[in-house]
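# Close look at the chain arrangement
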Amino acid sequence: MSLMMTKCLRISLVVAVFGACGPDSELESRAATPNEGPGAEVGGAASQSVETTWTFDDDPPGGLPAAWRVEQTNPRGDAAEWAVLEDAEAASGRRMLALTDARGARGSTYNIAWTDAVQFRDGHVEVKVRAGTGREDQGGGPIWRVRDRDNYYIARWNPLEDNVRLYFVRDGSRRELASADVRASRGEWHSIAIEQRGERITGYFDGQRIWDVTDGTLTSAGGVGVWTKADAATGFDDLALTQGSP
């Protein structure tokens, strides 16, 4: 096997997809795997399971990852600022994605950074979270099956409340589905992981299962990203998806 084909197959495919491989095929940070186009939903005969990971290490600092955007649910005032930052203590590598300035966001304002370049319905979502500042709120977590800024699932850790909760947001209104008491240190990296198959949603914090529920509010594939509330300034790293059949 040639060196170029070996590099191509480094992208994690449970069932390999053979095709052209060029210098831009090694997509550890931000783009879709070879059998996905932007906005494509995983499925079909070519692949049963596909992994996509954003490490943010190949994204220029000071901006957003390619194909990502920043929005707010229930916005108040200016939109919060997000950026890829150099950080020697990033969860892996040297960079992370962070909310750098809440810009006066408060109350029920939800700050989201997300992409629909990859569509997620069933599988595994995981992200590493490091809580920073915030008087009103701290922490955050992943969002998935994102239709738009007002419709998505969210799992968030809040060190001020010592809990991790699962919600759906529909038409801008949030409803709690599950909650678990968790004591974890602010300023350190922690992982939040979600396993979703159909209506069943299982949550994990630092590898420990914390809840297992069913909900049929959002049934179609959607985008993925990260979330904070109000003035929570939070760092995120290693957003990883495993999509399709296990």
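The structure reproduced in this document is the subject of the present report. Keep in mind that what you see is a predicted model, and the values were worked out from it rather than measured.

Next up on the list: the packing of aromatic side chains. Inspection of the entire model under this criterion finds six aromatic pairs. Here the aromatic rings of Phe56 and Trp68 are separated by 5.9 Å at their centres, their planes lie at 75°, and the arrangement is edge-to-face. Placement of Phe56 in the loop between β2 (49-54) and β3 (68-73) and of Trp68 in strand β3 is noted, with a sequence separation of twelve residues between them. There is no split in this pair, since Phe56 and Trp68 are both buried. Through a chain of ring-to-ring contacts, the aromatic side chains of Trp54, Phe56 and Trp68 assemble into a single cluster. The aromatic ring of Trp114 is capped on one face by Arg69, whose charged end is 3.9 Å from the ring centroid. Sitting over the ring of Tyr167, Arg174 keeps its end group 3.9 Å from the ring centre.

Among the nonpolar cores identified, the biggest contains 41 residues, and Trp54, Trp82, Leu97, Trp144, Trp157, Ile201 and Trp211 are the most heavily contacted of them. Here this core gets four residues from one element, more than from any other, and that element is strand β7 (residues 123-131). Residue contacts for Trp211: discarding those within four places in its chain leaves Ala155, Val164, Arg165, Leu166, Ala178, Ser179, Ala180, Ile194, Ile201, Thr202 and Gly203. If you look at the next biggest cluster of nonpolar residues, it comprises ten residues, including Ile112, Trp114, Val146 and Ile154.

Reading the values: the criteria
- Residues numbered from 1 in each chain as written.
- Predicted model: local features only at pLDDT ≥ 70, side-chain atom pairs only at ≥ 80, totals over all residues.
- Heavy atoms only, no water.
- Phe/Tyr/Trp six-rings, centres within 6.5 Å; stacked < 30°, edge-to-face > 60°.
- Helix = DSSP H or I, 4+ residues; strand = E, 2+ residues; numbered from the N terminus.
- Buried < 20%, exposed > 50% of the residue type's maximum accessible area, 1.4 Å probe, protein only.
- Lys NZ or Arg CZ within 6 Å of the ring centre and 35° of its normal.
- Core = buried A, V, L, I, M, F, W, Y, C linked by side-chain atoms within 4.5 Å.
- Contact = heavy atoms within 4.5 Å.

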